[in-house]
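Remarks on the overall topology
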Amino acid sequence: GCWSECGGPARADKAAGRAADQGGVEPVVRAEPRRKRTLYTRSCGHSDWVTCAAHAADGRVLSGGADGKVCVWSASGPARATTLLGHVGSVSCLALSAPHTGAAQHALSASYDKSIRLWSLDRPAEASSAACLRGHRAPVLKLVWAAELLASADREGAISPYL
């Protein structure tokens, strides 16, 4: 579609368009009114681009960012996040454990710092990673976590399975 000079989407007035088709006046283009949006400051969550996201079974959303943070966003109420710190490079990928009745849910984050971190989602307020896997010689770009199998892939094409 086209954009008006004021930055919003523009559209041709339907009645004027029909009139122009019948040899009448030229179509009129008018700007759509802007919708009000609520923006959150960088004091809540990431201070740089969000690079990945994942949805937990309990409704929470996890996001990884170029700032090296993993944020766990609440499932309800106002936007607020618990920040998980540990990576020193951009977070490239997130994976969540499958939910099991009575079992703790965990998240994995991969990073350009060549590491994979394991996080407990049951106690995100005590935000320290439960484990840190190192072994890649290049930034880790992809994670796959299914049942007891974890595999990661890096920018150089190396794939590391963890059983």
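Keep in mind the model is a prediction, meaning the values are calculated, not measured.

**A look at the nonpolar core**
- One finds Leu62, Val70, Leu94, Leu96 and Leu121 to be the most contacted residues of the largest nonpolar core, which totals 13 residues.
- Listing elements by their share of this core, those giving two or more residues are strand 3 (50-55), strand 5 (70-73) and strand 7 (91-96).
- When residues in this core are grouped by element, the largest group, three residues, is from strand 7.
- Grouped together as the second largest cluster of nonpolar side chains are eight residues, Cys93, Leu108, Ile116 and Val140 included.

**With respect to the pairing of strand 4 (residues 61-65)**
- Counting buried residues along strand 4, four of its five residues qualify, which places the element largely inside the surrounding structure.
- Bridge analysis of strand 3 against strand 4 gives five bridges, and the strand direction is antiparallel. Bridging from a neighbouring strand, Cys52 pairs with Gly64 of strand 4.
- The hairpin formed by strand 3 and strand 4 contains five residues between the paired strands, and Gly59 there has a positive phi angle of roughly 100°.
- Pairing of strand 4 with strand 5, which is carried by four bridges, proceeds in the antiparallel orientation. Residue Gly64 lies in a different strand from strand 5, and its bridge partner there is Val70.
- Following strand 4, the chain reverses through four residues before pairing antiparallel with strand 5; Gly68 in that reversal takes a positive phi of roughly 85°.

**A few points about the sheet that holds strand 7**
- Overall, antiparallel pairing links the four strands, which are arranged 7-8-9-10 in an open sheet. A single partner strand is all that each edge strand has here, and the edge strands are strand 7 and strand 10 (131-134). The average undirected angle you get between the axes of adjacent strands in this sheet is 20°.

**Considering the side chain of Ser92**
- Among the structural elements, Ser92 can be located in strand 7.
- For Ser92, a relative accessible area of 17% translates into the label buried.
- When near neighbours in sequence (up to four residues on either side) are disregarded, Ser92 contacts Thr51, Cys52, Ala110, Ser111, Tyr112, Val140 and Leu141.

**Looking at the sheet that holds strand 11 (residues 140-146)**
- Pairing is antiparallel across the open sheet formed by three strands, whose spatial order is 11-12-13. Strands at the two margins of the open sheet, each flanked by one partner only, are strand 11 and strand 13 (159-162). Each neighbouring strand pair of the sheet contributes to a mean axis angle of 15°, computed without reference to strand direction.
- With six bridges connecting them, strand 11 and strand 12 (residues 149-154) associate as antiparallel partners. Note that in strand 12 the partner of Ala146 across the bridge is Leu149.

**With respect to the pairing of strand 12**
- Connecting strand 11 to the next strand, strand 12, in antiparallel fashion are two residues, including Ala147 with a positive phi near 55°.
- Across four bridges, the pairing between strand 12 and strand 13 is antiparallel. Counterpart to Ala151 in the pairing with strand 13 is Pro161.
- As consecutive antiparallel partners, strand 12 and strand 13 are separated by four residues, and within that stretch Gly157 has a phi angle of approximately 95°, a positive value.

**Overview of the confidence of the model for the chain**
- Mean pLDDT over the chain works out to 76, with 68% of the residues at or above the 70 mark.
- At the low end of the mean pLDDT range in the chain sits strand 1 (residues 10-12), at 39; at the high end sits strand 7, at 95.
- Every residue in residues 1-20 scores below 50 in pLDDT, and together they form 34 contacts with partners more than four places removed in sequence or on other chains.

The rules we used
- Residues numbered from 1 in each chain as written.
- Predicted model: local features only at pLDDT ≥ 70, side-chain atom pairs only at ≥ 80, totals over all residues.
- Heavy atoms only, no water.
- Core = buried A, V, L, I, M, F, W, Y, C linked by side-chain atoms within 4.5 Å.
- Buried < 20%, exposed > 50% of the residue type's maximum accessible area, 1.4 Å probe, protein only.
- Helix = DSSP H or I, 4+ residues; strand = E, 2+ residues; numbered from the N terminus.
- Pairing = 2+ DSSP bridges.
- Axes fitted to C-alpha atoms, helices over the stretch in contact; angles between N-to-C directions.
- Contact = heavy atoms within 4.5 Å.
- pLDDT = per-residue confidence, 0-100.

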